[in-house]
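Residues per chain are reported as follows:
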Amino acid sequence: MASALFSPITLRGLTLPNRIVVSPMCQYNSDNGSATDWHLMHLGQFSLGAGALVMTEMTDVSPVGRITARCAGMWSDENEAAMKRVIDFCRQYGVARHGIQLAHAGRKGSTQTPAQGGKPLAPEDGGWRTQAPSAIPFAPDWPVPEALTREGIKDLVSRWVAAVKRSERIGYDLVELHGGHGYLVHQFLSPLSNQRSDEYGGSLENRMRFPLELFAAMRAAWPAGKPMGIRISATDWVEGGWTPEEAVAFARELKQLGCDYIDVSSGGLDPRQKIPLAPAYQAPFAEKVRKEAGIPTMSVGLITDFKLAEDIVASGKADMIAIARGAMWDPRWSWHAAEALGAEAVYAPKMMACHPKLRPQVFPNRLQPA
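Residues numbered from 1 in each chain as written. Predicted model: local features only at pLDDT ≥ 70, side-chain atom pairs only at ≥ 80, totals over all residues. Heavy atoms only, no water.

Quick look at the environment of Asp319
Move 1: Summarising the element assignment, Asp319 is placed in the loop between helix 9 (306-314) and strand 13 (320-323).
Move 2: Dropping the residues within four chain positions of it, Asp319 is found in contact with Ile9, Arg19, Arg290, Ile295, Pro296, Thr297 and Val313.
Move 3: Looking at Asp319, its side chain comes within polar contact range of the side chain of Arg290, at 2.9 Å. (Helix = DSSP H or I, 4+ residues; strand = E, 2+ residues; numbered from the N terminus. Contact = heavy atoms within 4.5 Å. Polar contact = N/O pair within 3.5 Å; in protein donor to acceptor, adjacent residues only side chain to side chain.)

As for the packing of aromatic side chains
We describe a pair of aromatic rings using the distance from one ring centre to the other and the angle between the two ring planes.
Move 1: On inspection of all chains with the given rule, the structure shows eight aromatic pairs.
Move 2: Through a chain of ring-to-ring contacts, the aromatic side chains of Trp160, Phe188 and Phe210 assemble into a single cluster.
Move 3: When the ring centre of Trp128 is taken as origin, the NZ or CZ atom of Arg66, which lies over that ring, is 4.8 Å away. (Phe/Tyr/Trp six-rings, centres within 6.5 Å; stacked < 30°, edge-to-face > 60°. Lys NZ or Arg CZ within 6 Å of the ring centre and 35° of its normal.)

Thoughts on helix 11 (residues 333-341)
Move 1: For helix 11, the complete set of buried residues consists of Trp333, Ser334, Trp335, Ala337, Ala338 and Leu341.
Move 2: On its buried face, helix 11 sits against strand 3 (20-22), helix 9, strand 13 and helix 10 (325-329).
Move 3: Positive backbone phi, at 70 degrees, marks Gly342, one or two positions downstream of helix 11. (Buried < 20%, exposed > 50% of the residue type's maximum accessible area, 1.4 Å probe, protein only.)

Here we look at the environment of Ser134
Move 1: Along the chain, Ser134 falls in the loop between strand 7 (131-132) and strand 8 (146-147).
Move 2: Ser134 gets classed as buried once you look at its relative accessible area, which sits at 8%.
Move 3: The spacing of Ser134 and Ile230 is 96 residues in sequence and 23 Å in space, taken between C-alpha atoms.
Move 4: When near neighbours in sequence (up to four residues on either side) are disregarded, Ser134 contacts Pro145, Ala147, Ser193, Asn194, Gln195 and Arg196.

Considerations on the pairing of strand 11 (residues 261-265)
Move 1: Judged by how many residues are buried, strand 11 sits mostly within the fold: five of five residues are covered.
Move 2: Here strand 11 shows no split at all, with Tyr261, Asp263 and Ser265 on one side and Ile262 and Val264 on the other all buried.
Move 3: Between strand 10 (residues 228-233) and its parallel partner strand 11, the chain crosses via helix 7 (residues 244-256), and the hand of that crossover is right-handed.
Move 4: As paired elements, strand 11 and strand 12 (residues 297-300) share three bridges and run parallel to each other. Residue pairing for strand 12: Ile262 is matched across the bridge by Thr297.
Move 5: Each parallel crossover has a hand, and for strand 11 linked through helix 8 (residues 283-293) to strand 12 it is right-handed. (Right-handed = clockwise from strand over helix to strand, strands pointing away. Pairing = 2+ DSSP bridges.)

Considering the side chain of Thr111
Move 1: Assignment of secondary structure puts Thr111 in the loop between strand 6 (97-103) and strand 7.
Move 2: If sequence neighbours within four positions are ignored, Thr111 has contacts with Ile67, Thr68, Gly118, Lys119, Pro120, Leu121 and Trp142.

Digging into the nonpolar core
In a soluble, globular protein the nonpolar side chains are often hidden away together inside.
Move 1: Counting 83 residues, the largest nonpolar core has Leu102, Trp160, Phe210, Ile262 and Ile321 as the members making the most contacts within it.
Move 2: Per-element tally for this core: the top contributor is helix 3 (residues 150-170), with eight residues.
Move 3: Not counting residues within four places of it along the chain, the set of residues in contact with Trp160 comprises Val61, Leu102, Ala103, His104, Leu177, Leu184, Val185, Phe210, Leu214 and Met218.
Move 4: Of all hydrophobic cores here, the second largest spans 14 residues; its members include Leu11, Leu53, Met55 and Met320. (Core = buried A, V, L, I, M, F, W, Y, C linked by side-chain atoms within 4.5 Å.)

In short, shape yes, function no, at least from these values alone.
Here it is, written out as structure tokens:
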């Protein structure tokens, strides 16, 4: 039986040869938002065979929107040129298609890197005033963010649109809006972090207003033939917070705006969250959104087993799977999954010497491709 995981999928003008995506992974190795040689190695290794689509890390649309001072950005000509160098390199040697995740950290910004502890930065250590829908800190010992004005919201939309246009000039195949993990877009969606009294707060319709206005503006700035999606958190894992049912309602609205897929994650908004971690623990959320909103989904979270990934796609829980730590552990994940599932993966030309079909002494029982 043919592998579902290794069947092609088409999103607008982009056809991927399999359903494996390398998830965005913050690297904390940028210089004033600009990619460095680290990114040549990080993204370059994945472009050779970890998945059909490789996502560039959460890339912030303004300096204020960074998590840390070492986060990637797409607000300047220097940022654009540095990332174009990386993506051009990946295309020269690799076979993967490339997407970028554009974001703003909101009240979760201005922190140390995780390796340094991840605590909020003091002003004397280079910290900056963060932005959020409401003046509510992420945790009691975190600084209070600045509540965005209507003018501030409009400015952010223009910054995202500018980053979309830079991403097109770089040559990305796909753009993803980060609307989860407790960052700014998610902060507008959740009643725990959005307590505004204007048209951007209160009801579900109002809490969705900024994210939907933003997505519509981004979609209009991105080529019609290229896909655009969004990562969301399907639940806050906190009573009184954002729910899977609201996530479905949001997905339906996004579909009407031309959203091509939804990457369904969860959590990240509130430190009180209690997450029942287990392999593919978020797949039921992707399945719910897929079936109830009628939109392609991507499942992410502790998916490392080849057969589990195959089952998620084959059973209709999601249309794609996204791996992060699994790809770090095994940058040739898709090659090894293909061997386990009796399928064919894509190899970069310079890597064909290691293909099993060319090593019969090592793989004597390996079926030859048709």
